[in-house]
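One-letter residues, chain by chain:
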Amino acid sequence: MSTKEQKQRIELLQGTLDLLILRTLLLGPTHGHAIAKAIEFNSDDVLQVEQGSLYPALHRLIKRGWISAEEGTSENNRRAKFYRLTAKGRKQLELETSKWDKLAGAIAQILRPANREGES
Amino acid sequence: MSRRKRMLQDLDQDIREHIARETQDNIDRGMSPQEARYAAMRKFGNVLRVKEETREVWTLVWLEQLVQDFRFAFRTLRKNPGFALTAVLILALGIAANVIVFGVLQGLVLRQLEMPHAEQVMTLQPKTGGPFLSYPEMRDVRDSNNVFSAVAAVQIEAFGLEANGFTRPIWGDEVTGQYFEVVGIKPFLGRLLERSDDDHPGASYAAVLSWPAWKNDFAADPNIVGKTIRLDKHPYTIVGVTPEGFYGTEKIAEPDIFVPLANLATLNGASWLDSRNYKNIFSVVRLKDGVTKPQAQAELNTIATRISQQFPKEDEGLTLKLAPPGLVGDFIGGPTRGFLAAVLALAGIVLLAACANLGSLFAARTADRTREIAIRMAVGSSRWRILRQLLVEAVVISVFGGACASVLGWMALTGLANWHPPSRFPIKFHVLPEPSLIVMAFLISVAAGIVFGLMPLRQIFKTDPNAAIKSGGAPSSAGRRWALRDVLLAAQIALCCVTVTAAFVSLRGLGKALTMDLGFNPKNAILTRFDLSQANYASEADADHFQRQLLERIQQIPGIEAAGYANTTPLDFDATVTDVFSQDSTDLRHSKSAFDMYFYHVSPGYLAAAGTPLLAGRDVSFSDTPKTPAVAIVNQEFARRLFHSQQAVGRYFKNRNGVSIQIIGIMGDGKHFTLSEDPKAAAFFPISQKTDTRTTLIVRSQRDTADIVSAIRETIRALDVAVPISESGPWTSQLGLSLFPSQVATVALGVFGAFGLLLSIAGTFGLASYTVSKRLRELSIRVALGAGTKQILQSALGRMLILLASGSGIGIALGLAASHLLSAIVYQASAQDPVVLTAVAFTTIVTATLSVAGPVRRVLDADPATLLREQ
């Protein structure tokens with residue numbers, strides 16, 4: 001039973017991670033380590049990603065055709081793989097973002113109905 | 001190298017690189033190198049697990065996409081039920097036709113008989129003429145050869161079986177002593193017949209039951225061995241049961257019982273075992289181990305020459321050959337194999353045409369979806385992904401098609417196996433569907449699915465998203481060149497016209513056969529058959545007495561217009577042929593005969609009851625007896641051939657025994673063995689001059705058939721309850737077997753004809769829609785600029801009409817040429833028939849109209865304003 005619950009949590013996490021990766025890549029192509037750092041930095045270190053889990057997610061996005069990968073050299077002249085958002089990925093990001101907004105809005109409304117009343 | 005492989009190969013290095021960067025960051029923040037590395041590793045997590053999960057991602061996403069593809073395929077097919085149904089139907093019919101034809105071929109031709117070393121078992125038959133030998137000829141071969149381990153004779157015979165207080169007619173094989181050595185099977189129960197059982201008449205009254213008879217008629221009684229039954233009133237002891245799956249050496253028969261042939265005299269009323277003139281038996285042989293067929297044939301040639309020298313009168317020019325067993329040797333085996341091979345070829349071609357057709361259907365559909373595909377490509381779908389989507393769709397359709405085909409094929413073959421042709425003979429088709437056939441159907445359908453699924457391949461890989469979205473379709477110049485597709489369509493229309501023509505020719509032939517002059521009138525005539533030897537009327541006087549008494553009583557039934565009886569009737573396949581000699585001939589060898597004729601023994605009143613016109617002279621009469629001069633009624637063909645005139649009454653001819661026979665009457669010509677035969681000479685002899693225990697009673701009446709049949713049965717039962725009636729019913733239904741070959745041909749060709757029509761409708765429709773959808777934009781601009789309906793239609797579909805016309809023309813010409821082949825099977829099949837020509841032309845026009853109607857409407861209904869705005 002507990003494994004099932006765990007799995008659901010992981011899946012949820014994965015979907016969110018995918019969204020975060022796509023959002024990060026919207027700013028421009030970059031390599032894996034930089035993506036991890038960007039997610040940590042932009043969320044004020046609230047989201048602590050286990051950095052390894054980035055790689056299955058990146059491969060999943062590549063297979064789905066949402067991002068592409070190419071060889072390149074980083075700022076300090078090290079060899080690295082650069083990930084780039086594709087047109088399809090951009091579309092997917094829009095879709096997922098609006099879904100996420102709706103979901104977040106709905107949950108907020110349920111959790112704080114009084115606030116909403118007061119505002120209006 | 002695939003993307004997946006490349007990505008996974010680089011993964012190790014990517015992870016090393018990642019950890020190195022994190023370590024460097026940590027060092028920059030002031031950790032010691034060692035500490036920095038540990039922290040980086042901790043933050044990264046389990047490297048092995050990460051690698052594992054990454055590897056899994058590829059498979060998982062692949063599966064996920066496949067599921068998506070299937071869902072999408074089902075959804076799009078549901079949205080286009082017309083397309084899906086057409087495709088499934090075409091595929092199902094094409095494959096089912098192949099499965100059925102192949103199933104029959106496997107059952108009747110390819111499959112060996114179920115017996116050990118079946119390849120050594122052969123049929124022995126004369127090189128020319130019928131499949132029969134005389135008993136002494138078989139005996140000569142058996143006793144003087146060095147190439148066969150066993151030689152046996154088989155005679156198929158109807159018996160009255162009396163068991164558990166009932167008498168019922170059954171069919172059995174009378175066999176000689178080496179029969180079970182030839183077939184080489186082991187008994188299921190008890191023992192089989194041996195050489196000693198057949199040593200001399202009365203040597204043994206042992207009978208062996210077949211498995212189905214034991215199962216159905218004796219309730220699978222495990223203690224059956226040793227029980228006594230009565231065959232034609234003679235007690236026989238059941239000594240054994242043959243194993244399941246054994247049904248003699250003929251593939252279309254199902255004997256119930258096997259008894260020694262030596263007892264023929266007691267069972268049949270008379271024995272012809274010593275006569276070389278009675279060619280009545282089938283012969284089967286088993287080759288010795290290591291003997292080849294050419295060796296056996298060489299020895300047979302020597303034996304045949306010796307026999308014909310020894311008995312020049314009866315066996316002049318005797319030749320013997322080996323033939324594959326199962327279908328009465330080469331007699332019906334040859335034509336059956338030929339017909340099935342031709343039909344199989346036809347089925348194969350039709351399947352290919354179906355695939356090509358589905359290919360163009362798919363191509364047309366892909367063209368319709370060019371915009372959708374272009375959009376998907378523009379947002380980053382790979383070409384492979386789109387192709388896979390189409391392939392999945394094709395596989396879904398082909399699996400449905402294969403399933404429908406399997407069900408159809410299975411039902412048809414099971415129906416055929418359980419079906420008894422309209423005949424009193426024990427004909428049964430052992431064509432039970434085998435699982436391998438269903439596997440084959442699925443393999444064919446999936447192969448077909450991949451073949452036609454790949455047809456639009458080039459189209460997809462050529463698609464330039466920019467151009468496609470801009471123009472709403474591929475450049476319309478593609479519609480101006482003559483493509484392979486066009487040639488294929490014309491060829492396919494031609495092929496379909498051939499099948500349609502063949503179907504009409506055969507249908508028309510059958511229609512004619514049903515209304516043609518048979519030489520008798522089967523309408524309102526009831527036939528009742530029985531064999532008095534099965535009820536122990538051994539002496540001719542007893543049988544004659546019974547028959548006359550019965551006729552008298554039958555004539556008293558109210559509403560009877562005429563009644564008579566005969567030993568057999570025309571078209572019953574029981575008719576015998578004999579030589580006719582002119583009155584002045586003295587050399588009575590077969591080669592010196594004038595011609596041969598069918599002959600029957602009939603009672604007074606037979607002609608009236610059968611509706612055969614007596615053109616001159618008198619009917620036979622009971623005052624014609626063995627003591628009075630021999631007389632006969634002959635037909636017009638007989639008179640024409642012997643006397644070259646119709647003035648034959650009062651003149652004479654000789655039979656093979658040299659007896660002079662006076663002609664007392666002339667009757668009309670008719671059919672005797674097959675409906676497609678040329679006019680044959682025939683003679684009716686008075687049955688009172690030669691009694692026969694085989695009896696066919698003919699009654700003509702306008703009364704209700706069922707009433708008459710029950711009245712006849714009651715009358716017979718009142719006279720002798722033990723007479724087993726083998727059949728009683730209207731003559732029209734008993735003629736079924738004569739119509740059988742033309743019915744089979746008509747049904748087979750009709751199915752192919754209908755299928756051909758469907759194919760050409762689908763093919764024409766597919767290509768027409770394709771052409772129209774590619775040029776819809778151009779055409780609507782022209783409509784907007786004021787082009788008339790006629791001009792638009794001409795430019796949109798002009799080429800289709802050229803294709804249709806040329807294809808149909810070639811097809812009809814080929815069909816006319818091929819219909820000559822049909823005339824051998826179907827009576828009076830002629831393609832020169834104006835009715836056939838009109839029907840084919842009409843069908844072609846209707847088909848063409850139907851198939852282009854949709855696209856035409858689409859062109860005419862197109863609203864230029866909307867179309868141009870949309871695209």
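All values derive from a computational prediction rather than experimental measurement. (Residues numbered from 1 in each chain as written. Chains lettered and ligands numbered in written order. Predicted model: local features only at pLDDT ≥ 70, side-chain atom pairs only at ≥ 80, totals over all residues. Heavy atoms only, no water.)

## Quick word on the packing of helix α4 (residues 81–110) of chain B against helix α14 (residues 435–453) of chain B
Residue and element names in this part refer to chain B.
Part 1 of the argument: Where α4 contacts α14, the axes come no closer than 10 Å and their chain directions differ by 145 degrees. In this structure, α4 crosses over α14, and the sense of that crossing is right-handed. Two secondary-structure elements touch here, α4 through Leu91, Ile95, Val99, Phe102, Gly103 and Gln106 and α14 through Ser436, Leu437, Met440, Ala441, Ile444, Ser445, Ala448 and Phe452.
Part 2 of the argument: Taken together, the residues of the contact of α4 with α14 sort by class into ten nonpolar, four polar and no charged. (Axes fitted to C-alpha atoms, helices over the stretch in contact; angles between N-to-C directions. Helix = DSSP H or I, 4+ residues; strand = E, 2+ residues; numbered from the N terminus. Left-handed = near helix turned anticlockwise from the far one by under 90°. Contact = heavy atoms within 4.5 Å. Nonpolar A, V, L, I, M, F, W, Y, C, P; charged D, E, K, R; others polar.)

## Focus: the sheet that holds strand β1 (residues 30–31) of chain A
Residue and element names in this part refer to chain A.
Part 1 of the argument: In space, the three strands of this open sheet follow the order β1-β3-β2, with antiparallel pairing throughout. Sheet topology places β1 and β2 (67–73) at the edges, where each strand pairs with a single neighbour.
Part 2 of the argument: Relative to β2, helix α3 (residues 54–64) is tilted by about 115 degrees, and along the sheet it contacts β2 and β3 (79–85). (Pairing = 2+ DSSP bridges.)

## Looking at the interface of chain B and chain A
Part 1 of the argument: In this assembly, 31 residues from chain B lie in contact with 33 residues from chain A.
Part 2 of the argument: Carbon and sulfur atoms make up 51% of the surface buried where chain B meets chain A, a total of about 2900 Å² over both sides.
Part 3 of the argument: It is His18, Arg21 and Lys43 of chain B that lose the most area in chain B upon contact with chain A, and together they represent 23% of the buried surface on that side.
Part 4 of the argument: Our count for the chain B to chain A interface comes out at four salt bridges.
Part 5 of the argument: In this structure, glutamate 22 of chain B engages lysine 37 of chain A in a salt bridge whose closest nitrogen and oxygen atoms are separated by 3.3 Å.
Part 6 of the argument: Summed over the shared surface of chain B and chain A, the number is eleven residue pairs in polar contact (both at pLDDT 80 or more).
Part 7 of the argument: For the side of chain B that touches chain A, the elements supplying multiple residues, two or more each, are α1 (3–28), α2 (33–44) and α3 (47–79) of chain B.
Part 8 of the argument: Among the elements that line the side of chain B that touches chain A, the one with the most residues is α1 of chain B, at 13 residues.
Part 9 of the argument: Residue composition of the side of chain B that touches chain A, by class: twelve nonpolar, seven polar and twelve charged. (Buried area = accessible area lost by both parts, 1.4 Å probe. Salt bridge = Lys/Arg side-chain N within 4 Å of Asp/Glu carboxyl O. Polar contact = N/O pair within 3.5 Å; in protein donor to acceptor, adjacent residues only side chain to side chain.)

## Overview of the pattern of salt bridges
Here the idea is simple: oppositely charged side chains can pair when their charged atoms come close.
Residue and element names in this part refer to chain B.
Part 1 of the argument: Tallied over the full model, the rule gives 20 salt bridges over all chains.
Part 2 of the argument: Lysine 227 is the salt-bridge partner of aspartate 221, the closest N and O atoms lying 2.6 Å from each other.
Part 3 of the argument: Assessed through its relative accessible area of 18%, aspartate 221 is described here as buried.
Part 4 of the argument: Salt bridges here are not isolated pairs; linked through shared partners, they connect Glu637, Arg640, Arg641 and Asp669. (Buried < 20%, exposed > 50% of the residue type's maximum accessible area, 1.4 Å probe, protein only.)

## Concerning the environment of glycine 815 of chain B
Residues and elements named next belong to chain B.
Part 1 of the argument: Note that glycine 815 resides in helix α24 (residues 789–822).
Part 2 of the argument: In sequence terms glycine 815 and threonine 501 are 314 residues apart; their C-alpha atoms lie 5.5 Å from each other.
Part 3 of the argument: What glycine 815 contacts, discounting residues up to four positions off in sequence, is Val498 and Thr501.

## Considering the pairing of strand β20 (residues 682–686) of chain B
Part 1 of the argument: Among the five residues of β20 of chain B, five are classified as buried, and the element is accordingly described as predominantly covered.
Part 2 of the argument: Alternating residues of β20 of chain B divide into Ala682, Phe684 and Pro686 of chain B and Ala683 and Phe685 of chain B, and every residue in both groups is buried.

## What to know about the packing of aromatic side chains
Residues and elements named next belong to chain B.
Part 1 of the argument: Counted according to the given criterion, the structure contains 17 aromatic pairs over all chains.
Part 2 of the argument: Summarising the aromatic geometry, the rings of phenylalanine 530 and phenylalanine 546 are spaced 6.2 Å apart at their centres and angled 90 degrees between planes, so their arrangement reads as edge-to-face. One end of the pair, phenylalanine 530, is in strand β12 (residues 525–531); the other, phenylalanine 546, is in helix α18 (residues 540–555), and 16 residues separate them in sequence. Take phenylalanine 530 and phenylalanine 546: they sit in the same class, and that class is buried.
Part 3 of the argument: Ring geometry for phenylalanine 599 against phenylalanine 685: centres 6.0 Å apart, planes inclined by 70 degrees, an arrangement best described as edge-to-face. Here phenylalanine 599 is found in strand β15 (residues 595–602), whereas its partner phenylalanine 685 is found in strand β20, with 86 residues between them in sequence.
Part 4 of the argument: Exposure remark for phenylalanine 599: the relative accessible area of 18% places this residue in the buried category.
Part 5 of the argument: Given a relative accessible area of 12%, phenylalanine 685 falls into the buried group. (Phe/Tyr/Trp six-rings, centres within 6.5 Å; stacked < 30°, edge-to-face > 60°.)

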